[in-house]
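Spelled out, the chains give:
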Amino acid sequence: MGNSTGSTVDDLQAVEMHLWYKKFMTECPSGQLTLHEFKQFFGLRGLDPEANAYIEQMFRTFDMNKDGYIDFMEYVAALSLVMRGKMEHKLRWYFKLYDVDGNGCIDRHELLNIIKAIRAINGNENQETTAEDFTNSVFDRIDINGDGELSLEEFVAGARTDTDFMEVMMKSLDLTHIVAMIHNRRHSV
């Protein structure tokens, strides 16, 4: 006798993986997603410079082997992390994404550009607080040593305790429209 629950979960994961593969190969028949295709894949066109820089940084972060393309395995790894990963792993990934210059810290300018980009992409530019005020507020709350930079430790601890900041981060990689597309195709197949 087998574990029917386990096989159901395995079957579901296999079906989902197949759907992800079909979506990926439909959008990217070469099997390698370029930056331009990446923007089209996620429906990101006509972005302002900050949002464009953020998307390019996201692409570079997904491109784990740094070959200039996102292959299917990198795509699956990224989607898995974003959709199902443990919070600790997600926060570490967000840190890597936000640390644009790769120096191991996030400064105010990097965070400000990310906040502006997220607002531009999500259409939330007209909020009560400006991006500058929000960035300053985050730094005031989570830059424990007051050095003007967020270390990985400060970033992770701060994100866990600062609900406003956590909410913004979760919106920065909101892939619900991709999941919906995959789900809708499952029912039409």
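Our structure's up above, just so we're on the same page.
From a predicted model like this one, the values you see are computed outputs, not experimental measurements.

Here's the deal with helix H5 (residues 87-98)
Because an α-helix completes one turn every 3.6 residues, residues spaced three or four positions apart along the sequence face the same direction.
Point 1. Given a rise of 1.5 Å per residue, 12 residues ought to cover 16 Å, and the 16 Å separating the end C-alpha atoms of H5 matches this to within 8%.
Point 2. For H5, the set of buried residues is Lys90, Leu91, Trp93, Tyr94, Phe95, Leu97 and Tyr98.

Observations concerning the packing of aromatic side chains
Point 1. Counted according to the given criterion, the structure contains 12 aromatic pairs.
Point 2. Ring geometry for Tyr21 against Phe72: centres 5.0 Å apart, planes inclined by 90°, an arrangement best described as edge-to-face. Residue Tyr21 is located in helix H1 (residues 4-27), and its partner Phe72 is located in helix H4 (residues 72-84); the two are separated by 51 residues in the primary sequence.
Point 3. According to the relative accessible area criterion, Phe72 is buried, its value standing at 13%.
Point 4. With a centroid separation of 5.9 Å and 40° between ring planes, the pair formed by Phe72 and Tyr75 is classed as tilted. Of this pair, Phe72 and Tyr75 both sit in helix H4, three residues apart, which is roughly one turn of the helix. Across this residue pair, the class does not change: Phe72 and Tyr75 are buried.
Point 5. Through a chain of ring-to-ring contacts, three or more aromatic side chains come together here, namely Phe38, Phe59, Phe62, Trp93, Tyr94, Phe95, Tyr98, Phe155 and Phe165.

The rules behind these values
Residues numbered from 1 in each chain as written. Predicted model: local features only at pLDDT ≥ 70, side-chain atom pairs only at ≥ 80, totals over all residues. Heavy atoms only, no water. Helix = DSSP H or I, 4+ residues; strand = E, 2+ residues; numbered from the N terminus. Expected span 1.5 Å × (residues − 1). Buried < 20%, exposed > 50% of the residue type's maximum accessible area, 1.4 Å probe, protein only. Phe/Tyr/Trp six-rings, centres within 6.5 Å; stacked < 30°, edge-to-face > 60°.

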